[in-house]
Each structure stands twice: as C-alpha cells, then as structure tokens.
Amino acid sequence: AQSVTQLGSHVSVSEGALVLLRCNYSSSVPPYLFWYVQYPNQGLQLLLKYTTGATLVKGINGFEAEFKKSETSFHLTKPSAHMSDAAEYFCAVSEASNTGKLIFGQGTTLQVKP
Amino acid sequence: GAVVSQHPSWVICKSGTSVKIECRSLDFQATTMFWYRQFPKQSLMLMATSNEGSKATYEQGVEKDKFLINHASLTLSTLTVTSAHPEDSSFYICSARNSGTNEAFFGQGTRLTVV
C-alpha cells in the first residue's frame, strides 16, 4: 500500500522568500513521485515528477524537488516566491507499474504575501 | 502537449436526476482512464479505474451502481452520476493514461452542484 503525507496544510511566505513544501511517502515498491499545482476551480498541472535516475528533479516555474529514499521524502522547493505561485499544491505517489493511479497527499495551500 | 478534455466544466442539476461527465483524450489513445473526486478544501480521492472495453474497477466505498463508468473507445470515458443528491456535489476530475508512453494527464475538472 502507498500513502502520502504533506506536512503543513497551509504555508505562508513573503514574495521573494524561499518556498518549501514538505512531502513524505510510504511505499512498499519503488515509487513514482509527483507534485501538482491546482488553481481555484481548475484541474491539476504537473510541476515535476520523479521516476528513476537523478534524485534532484527540476520542474516548471522554477520549482524543484529532491527524492531522498532514506528519508522517504520528496520536498518541493523554489528559491524565490512569486505572487503567482499562490495556489494549492499536491504531492502524489504511484506504483511504477501502474502509473496514472495516484495516491494524493492532503494538499498544501501556499500563500504569498507582498 | 497531451490534452485531456472534460465536459462539461460545470453543471447544476436537480436532485434525483442523472448527470453524465465526459473525459476525452484529444491527441492520444488511452486504454486506461481514472476518475477522481475532490471535496472543497480537500484532496483528490480515486473513485475508479476505467478500462476500455471492460468493466471499471471501483475503489472501496464507491458505489458502482451510483457512479456508472463507460469506456467504450480508446479516447472516451464517461462518468454518470445517477439519481444525484446534494451530497454528490463535488469536483470530479479525470485523468487519461497514454497507452504508448504510460504517462497520465488530467482533465480540467467538472464542478457538479446538485440542488
């Protein structure tokens, strides 16, 4: 079985500050890991994903995440927050053999203050 | 990039009626599609896996007779909410898995309000 825990349902940062959204996962098989962003009343947009290979993954809009197997973590970071980054962020996990069937974390609302 | 289209984007229906939501992969074939449900301020929960040409696989606790899924072609899956009630009001999102690349892409979601 797989599960995802996002620490902090709400994160607030100032514009220009570092963004750190935490995600820990549990999986009995090698995981595929994802970060999605959702704007109000919209679907999900893929920010980045880890499948195999390099553990530091770079995504769109300046976001990146590092897969740390020893810590079962996949935290999302961005060096400098923009007002447009304010949204809901979801971490998700799937089994490599069944991509598309995603288990989502609870979500983290990112607020960016001017 | 790959596009998945959901229709309608939003719908309001009366209690007791049925509503059909379509999920189409526009530029790739999708043997498998997934239906998720999202309550306000909550995460997405997988409802069922839709398989082209066969019965859908429902997650535990999801009523298959209430949420009818049909995947009649490689580019279209439909979710029908039968005898809708206000508690069925939610945001429904589909994703389609590209049969060739195995990547999955999300639709834009459908906001269902039952009054």
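Residues numbered from 1 in each chain as written. Chains lettered and ligands numbered in written order. Predicted model: local features only at pLDDT ≥ 70, side-chain atom pairs only at ≥ 80, totals over all residues. Heavy atoms only, no water.

A. Looking closely at the interface of chain B and chain A. Every contact between the two is made by 20 residues of chain B and, on the other side, 16 residues of chain A. Both sides together, the interface formed by chain B and chain A hides about 1,400 Å², and carbon and sulfur atoms give 49% of it. If you sort the residues of chain B by the area they bury against chain A, B:Ser43, B:Leu44 and B:Phe106 come out on top, with a joint share of 31%. Inspection of the region where chain B meets chain A yields two salt bridges. Salt-bridge contacts for A:Lys49 lead to B:Glu103; the nearest nitrogen and oxygen are separated by 2.8 Å. In this assembly, chain B and chain A are joined by five residue pairs in polar contact (both at pLDDT 80 or more). (Contact = heavy atoms within 4.5 Å. Buried area = accessible area lost by both parts, 1.4 Å probe. Salt bridge = Lys/Arg side-chain N within 4 Å of Asp/Glu carboxyl O. Polar contact = N/O pair within 3.5 Å; in protein donor to acceptor, adjacent residues only side chain to side chain.)

B. Geometry of the sheet that holds strand S1 (residues 3–7) of chain A. Residues and elements named next belong to chain A. Spatially, five strands are ordered S1-S3-S8-S7-S6 in an open sheet, and the strand pairing comes out antiparallel. Either end of the sheet is taken by a strand with one partner, and the two such strands are S1 and strand S6 (56–58). The average angle at which neighbouring strand axes cross in this sheet is 20°, direction not considered. In the sheet, strand S3 (residues 19–26) pairs with strand S8 (residues 73–78) via four bridges, with the strands oriented antiparallel. Residue Val 19 lies in a different strand from S8, and its bridge partner there is Lys 78. (Pairing = 2+ DSSP bridges. Helix = DSSP H or I, 4+ residues; strand = E, 2+ residues; numbered from the N terminus. Axes fitted to C-alpha atoms, helices over the stretch in contact; angles between N-to-C directions.)

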